[in-house]
Each structure stands twice: as C-alpha cells, then as structure tokens.
Amino acid sequence: AQSVSQHNHHVILSEAASLELGCNYSYGGTVNLFWYVQYPGQHLQLLLKYFSGDPLVKGIKGFEAEFIKSKFSFNLRKPSVQWSDTAEYFCAVIPYSSASKIIFGSGTRLSIRP
Amino acid sequence: DAGVIQSPRHEVTEMGQEVTLRCKPISGHDYLFWYRQTMMRGLELLIYFNNNVPIDDSGMPEDRFSAKMPNASFSTLKIQPSEPRDSAVYFCASSLIGPQGSYEQYFGPGTRLTVT
C-alpha cells in the first residue's frame, strides 16, 4: 500500500539551529509532493509543494524542500529556526493514480526552545 | 476568496445526540474532503467527493457517520448517534485537479467536537 513515512515524531531545537525533517514515500510512479504546517490550535496550511521541474523547492517563511526521486524522499529544511516555527509538520503525497486521494505522513512535532 | 468555511467552530453535545457539521468549499474547487484529527490517531481521511459524488468513504468509521454533498458549494458530515469517542477536530478541505494532477488541498478552520 502507498504510504508516507516521517521518521522523526518529535524534534526539539534551539532558536537559530538548522532544521531537517525527513519524509519518504512508497510509490514508484509520478507524484505531487507537499509539506503542510499546523500551528497550535490551527488548521493545516501549505508550506510548499512540488509538481515538476527544479527538485529544490522554496516555500514560505524560509522553508525549502528537496525532492530526490531515487531515494523517494522530500525532506524539509530551514537554515535557522525561530521560536514561531513551533508547530506540527506534515508531509503529503498525491500519486497521479490516486484520483486525488492525498496520503499524509503521521506528522513531526517541532518544539523550539527560545 | 474567503477560503473553506466550516460551521460550527465548536460543538458540545451529549452522547446519543445527532451532530451535523457543515462545510462550504472554495468556489470552483471540484474535490472536497472530510478529515478527523485526534491526538491518538492523528489525521484521518474520512471521505472525499469529486463533483459532488462520493469517491471513497472507506475511512468512515461506522454507520453512525454519513456525509452528503447536495451541491458544489455545500457538504455535511453527520454523526447519529454521537459517542464520546467521536470527540475530535473535524476538518474539511477542498482542492482542484489540473493538468499536473491534483493541486494542494486548502483546509478549513475545523470544528472541535466534544461529546460528553
């Protein structure tokens, strides 16, 4: 079955540290890839997306992600985190064959120490 | 555009009562999704529609749950009878499909349901 794995369940960093959150998916065909963020008590918001083209994608708030097709990965990065980045981060995949059914990872909770 | 609109934002009800959650998708979007989020189970897809037709309801937990989309601008999720384990945040989302497959989903603010 198609799945999305986020290996880090909870990451704790200090302000100004660099961030990398892992995301791997299991699907051999063409996919659309997304990262969503959910701030405490709020709904999911799109951080960035990849459909095609340059595998390095830049999103909002200084986030970026790199699609590595050979590794089935779409890791999220930020060079210097802020306390306001405290949130839960979800990786998501839509396989072209899925009739729009998006598959979410289980999420990574990011806590930033001020 | 106002985004995806959900009502009510909070609902507190007693076990056994009927609960109806409402969603208005973004105008022009042809997909609508209902999700449930809890601490224990995370984010779960319950059902989704394409052009008002249910495509996949395999995530609906049991017969107490039903969803309808009578037109392109309105959907309901009904729980009858409600139980305490239904307490969760219910999100509605909508999206478009385009030449590169499906586009991102836009989420509503959610309805926080508490069943006592």
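As shown above, the structure is provided for reference.
The structure displayed is predicted, hence computed values, not measured ones.

**Q** Help me understand the overall build of chain A in this model?
**A** Scanning chain A from N- to C-terminus turns up zero helices and 12 strands. Secondary structure elements in chain A, listed N-terminal to C-terminal, are β-β-β-β-β-β-β-β-β-β-β-β. Whereas a compact globule of 114 residues would reach a radius of gyration of roughly 13 Å, chain A reaches 14 Å, a difference of no more than 12%. Dimensions of chain A along its principal axes, counting C-alpha atoms only, are 45 × 30 × 20 Å. Within the span of chain A, comprising 114 residues, buried residues form 47% of the whole. Restricting the contact set of chain A to residue pairs at least 6 apart, pairs at least 24 apart contribute 55%. Total accessible area on chain A stands at roughly 5300 Å², and carbon and sulfur atoms take up 53% of it. Of the side chains in chain A, 10 bear a positive and 7 a negative charge, and the two mean positions are spaced by 5 Å.

**Q** When you look at the nonpolar core in this model, what are you seeing that I'm missing?
**A** If you look at soluble globular proteins, the nonpolar side chains tend to sit buried side by side. Judged by nonpolar contacts, the single largest core of 29 residues is most densely connected at Leu 33, Trp 35, Leu 47, Leu 48, Phe 74, Leu 76 and Tyr 89 of chain A. Setting aside its immediate chain neighbours within four residues, Tyr 89 of chain A contacts Gln 6, Leu 21, Trp 35, Tyr 36, Val 37, Leu 47, Phe 63, Leu 76, Gly 107, Thr 108 and Leu 110 of chain A. By size, the runner-up hydrophobic cluster in this structure holds 21 residues, among which are Trp 34, Phe 49, Ile 79 and Val 115 of chain B.

About the thresholds
- Numbering of residues starts from 1 in every chain and runs along the sequence as written.
- Whichever chain is written first becomes A and whichever ligand is written first becomes 1, with later ones labelled in order.
- Where local features are concerned, this predicted model is filtered to residues with pLDDT of at least 70; where side-chain atom pairs are given and counted, the filter is 80 or more; whole-chain, interface and lining totals use all residues.
- Heavy atoms throughout the structure, all of them, feed into the side-chain values; hydrogens and water do not.
- Only DSSP runs of H or I with at least four residues qualify as helices, and only runs of E with at least two residues qualify as strands; both kinds are numbered from the N terminus onward.
- Here the globule rule reads 2.2 Å times residues to the power 0.38, and the radius of gyration is calculated from C-alpha atoms.
- The cut-offs for exposure are 20% and 50% of the maximum accessible area for each residue type, with area from a 1.4 Å probe on protein chains only; residues under the lower value are buried, those over the upper are exposed, and the others partly exposed.
- It only takes one pair of heavy atoms within 4.5 Å for two residues to be counted as in contact.
- What sets the accessible areas is the Shrake-Rupley method with a 1.4 Å probe; for residues, cover comes only from the shown protein chains.
- For this count, His and the chain ends are skipped, Lys and Arg are scored as positive, and Asp and Glu as negative.
- Charge placement uses NZ in Lys and CZ in Arg. For Asp and Glu, CG and CD serve respectively.
- We define the nonpolar core as a collection of buried residues of types Ala, Val, Leu, Ile, Met, Phe, Trp, Tyr and Cys that are connected through side-chain atoms lying within 4.5 Å of one another.

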